[in-house]
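Secondary and tertiary structure notes
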Amino acid sequence: MNRIQSDQLFVEALKYIPGGVNSPVRAFRAVGGNPFFVNRASGSRVWDVDGNELIDYVLTWGPAILGHAHPKIIAAVKAAAELGTSFGIPNPLEVTMARLICGLVPSVQKVRMTSSGTEACMSAIRLARGFTKRDKIIKFDGCYHGHVDSLLVRAGSGALTFGHPDSAGVPAAFTSHTIVAPYNDVDAVKAIFAANQGQIAGIIVEPVPGNAGLYLPRPGYLEFLSEITKAHGALLIFDEVMTGFRLARGGAQERFGITPDLSTFGKVIGGGLPVGAFGGRAEIMDCLAPLGPVYQAGTLSGNPVAMAAGLANLQELGAGRDAALRRPDSAARCPYQQLEERGAQLEAGMKDAAKSAGVPVTFNRCGSMFCGYFTSQPVHNVADAMHSDREKFKKFFHGMLDAGVYLAPSQFESGFLSTAHTAADIEKTVGAAAKVMRTL
Ligand code: KE4
């Protein structure tokens, strides 16, 4: 595949941008080779600057749940931008967005917008500490909650990919109150609470971890986390930056029937523009300035153009069309049903491809999030994920890229589907996978 212009751009980018990228995982360091540069995207496709068309399963790491450049989002952004790009004064769209999130996620009685998932998670941690007047936070090995100092401890995503889950530049004092446990391990969490009586402000968890590939909570695990935090006066924080409004209209908490105390969001609620949010019980959220003593702020929080994009995404997902979608004669297909069908088709196809090629693959999926690990063993946490054959992953990644399919450029990332992915897209993808796997 000709990537001359991308390669030239990368040489230029390296002169001015560290690693040539504005976010490390885009650098292809885990898979080798140079990243390609995209200047156009639509539906399930992206096109690089050399004109190569790719079926995209990264979807800008989750936001493009309706596919790229959805007409409703483009129109909403244009209309909002015509009226001004930022006011720094409350605007009506902030109220519409807050009301919509509170309506879709019952555990969220009040919500505050931010401009990234990192900010949302950082703010939720500070709020949990301010509300409980405790300092310690439990996180899980391989989970990633953005690049806030105190959570860059055995973190996933790019931190795991580049083998420095504990980043340089973070003083030990900043992480001294962060306790890391293995995910899906009940006894480890029980032992931490027993050893830190009355000191744990909260647990922050990706309900379905998507930053070490993708693996699922064991049956009863999320219920256990809810019970043990309640028993110890700690808060349960669901990091739904990736899973929110994707795994169900109300996120993973709706899919698994759990009521966290706080939740963080991002990606889908921005429709591709920079948006994060955190929300939860009103008695907790009202501790935030200007009402309470926990300070939190942001120049572009609730930005009108970003709100317009996020609202268009959520409304197209059926947030406001519930009744219509549930009408038996409704021609409008429920987007979550579509995502589930495509996910099941991809999962079945990938498993068949691996079997026919005689390549051991563990393929994990939850709704429209998925990850294939090159191992015959099950993957329930990051330690299991480390057993994947990463040399095979690298070859598979590039083989699929040359076949016109763009998968996440790291074994330790989740893949995503959109409502724009067609059955034919999936057929092409699994057909290519069967051929590439035979070369591994
Ligand atoms: P941002 O600050 O990147 O908007 O969100 C941080 C974040 C928080 N919580 C979860 C569960 C997340 O997955 C993320 C960010 N996800 C990564 C992909 N694994 C973003 C991609 C990147 O870092 O470039």
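In what follows, the accompanying structure is described. (Residues numbered from 1 in each chain as written. Predicted model: local features only at pLDDT ≥ 70, side-chain atom pairs only at ≥ 80, totals over all residues. Heavy atoms only, no water.)

A separate point is the overall build of the protein. In terms of regular secondary structure, the protein is built from 16 helices and 14 strands. On C-alpha atoms alone, the protein measures out to a radius of gyration of 21 Å, which is about the 22 Å that the 2.2 N^0.38 rule sets for 440 residues. The buried share of the protein, reckoned over its 440 residues, is 56%. Intrachain contacts of the protein at a sequence separation of at least 6 include 72% that bridge at least 24 residues. (Helix = DSSP H or I, 4+ residues; strand = E, 2+ residues; numbered from the N terminus. Rg over C-alpha atoms; globule rule 2.2 N^0.38 Å. Buried < 20%, exposed > 50% of the residue type's maximum accessible area, 1.4 Å probe, protein only. Contact = heavy atoms within 4.5 Å.)

Here we come to the sheet that holds strand 10 (residues 276-280). Read from one edge to the other, the open sheet built from seven strands follows the order 4-10-9-8-7-5-6, with strand pairing classed as mixed. At either margin of the open sheet sits one strand with a lone partner, and together these are strand 4 (110-114) and strand 6 (178-181). The average angle at which neighbouring strand axes cross in this sheet is 20°, direction not considered. Strand direction decides the pairing type here: strand 4 and strand 10, joined by five bridges, are antiparallel. Following the sheet pairing, T114 is matched in strand 10 by G276. With respect to the sheet, helix 3 (residues 92-104) is in contact with strand 4 and strand 9 (262-266), its orientation differing from that of strand 4 by roughly 125°. Helix 4 (residues 117-132) rests against strand 4, strand 5 (136-140), strand 7 (200-205), strand 8 (235-239), strand 9 and strand 10 of the sheet, and its axis sits at about 165° to strand 9. (Pairing = 2+ DSSP bridges. Axes fitted to C-alpha atoms, helices over the stretch in contact; angles between N-to-C directions.)

Let us now look at the site of the ligand. Around the ligand sit 17 residues, and of these S23, T118, N211, D239 and E413 come closest. With respect to the ligand, the backbone of Y144 contributes an N or O atom lying 3.4 Å from a nitrogen atom. Between K267 and the ligand, the recorded distance is 3.1 Å, taken from a side-chain N or O atom to a nitrogen atom. Here the ligand, which alone exposes 540 Å², has 87% of that area covered by the protein. Considering only residue class, the shell around the ligand consists of five nonpolar, eight polar and four charged. (Near = heavy atom within 4 Å. Polar contact = N/O pair within 3.5 Å; in protein donor to acceptor, adjacent residues only side chain to side chain. Areas by Shrake-Rupley, 256 points an atom, 1.4 Å probe, with all protein chains shown as cover. Nonpolar A, V, L, I, M, F, W, Y, C, P; charged D, E, K, R; others polar.)

Before going further, it helps to examine the side chain of E240. Here E240 is to be found in the loop between strand 8 and helix 9 (251-256). At 2.7 Å, the side chain of E240 and the backbone nitrogen of A252 are in polar contact. In this structure E240 touches P207, G250, G251, A252, Q253, T264 and F265, once residues within four positions along its chain are discounted.

As a further point, take the sheet that holds strand 12 (residues 369-373). The antiparallel open sheet is built from three strands, whose spatial order is 11-12-14. Either end of the sheet is taken by a strand with one partner, and the two such strands are strand 11 (362-366) and strand 14 (415-416). Direction of pairing for strand 12 relative to strand 14: antiparallel, over a ladder of two bridges. Residue pairing across strands places M369 opposite F416, the latter belonging to strand 14. Strand contacts of helix 13 (residues 335-357): strand 11 and strand 12, with the helix running at about 175° to strand 11, the strand carrying the most contacts.

What follows covers the pattern of salt bridges. Evaluated as defined, the whole model comprises 14 salt bridges. The partner of K110 in a salt bridge is D286, and the shortest N-O contact between them spans 2.9 Å. With K110 in strand 4 and D286 in the loop between helix 10 (282-285) and helix 11 (304-316), this residue pair connects regions lying 176 residues apart in the sequence. Here K110 falls in the partly exposed class, since its relative accessible area comes to 36%. Between E283 and R281 there is a salt bridge whose closest N-O contact spans 2.7 Å. (Salt bridge = Lys/Arg side-chain N within 4 Å of Asp/Glu carboxyl O.)

In terms of nonpolar packing, the biggest core is built from 41 residues, with I138, F140, V189, I203 and L225 touching the most fellow members. Those elements giving two or more residues to this core turn out to be strand 5, strand 6, helix 7 (186-195), strand 7, helix 8 (221-231), strand 8, strand 12 and helix 14 (382-385). The dominant element in this core, judged by the number of residues it contributes, is helix 8, at five residues. The residue makeup of this core includes at least three contributed by each of domain 1 (4-69 + 332-437) and domain 2 (71-325). Once residues within four sequence positions are removed from consideration, I138 is found in contact with I179, A181, I192, F193, I200, G202, I203 and I204. If you look at the next biggest cluster of nonpolar residues, it comprises 35 residues, including F36, I55, L346 and F397. (Core = buried A, V, L, I, M, F, W, Y, C linked by side-chain atoms within 4.5 Å. Domains from an automatic or database assignment.)

Time to look at the packing of aromatic side chains. This model, assessed by the stated rule, comprises 15 aromatic pairs. Ring geometry for Y183 versus Y215: centroids 5.7 Å apart, planes at 50°, classification tilted. Residue Y183 is found in the loop between strand 6 and helix 7, and its partner Y215 is found in the loop between strand 7 and helix 8; the two are separated by 32 residues along the sequence. Look at Y221 and F224: their rings are 6.3 Å apart centre to centre, the planes differ by 35°, and that puts the pair in the tilted class. Note that Y221 and F224 are positioned in helix 8 at a spacing of three residues, about one turn of the helix. (Phe/Tyr/Trp six-rings, centres within 6.5 Å; stacked < 30°, edge-to-face > 60°.)

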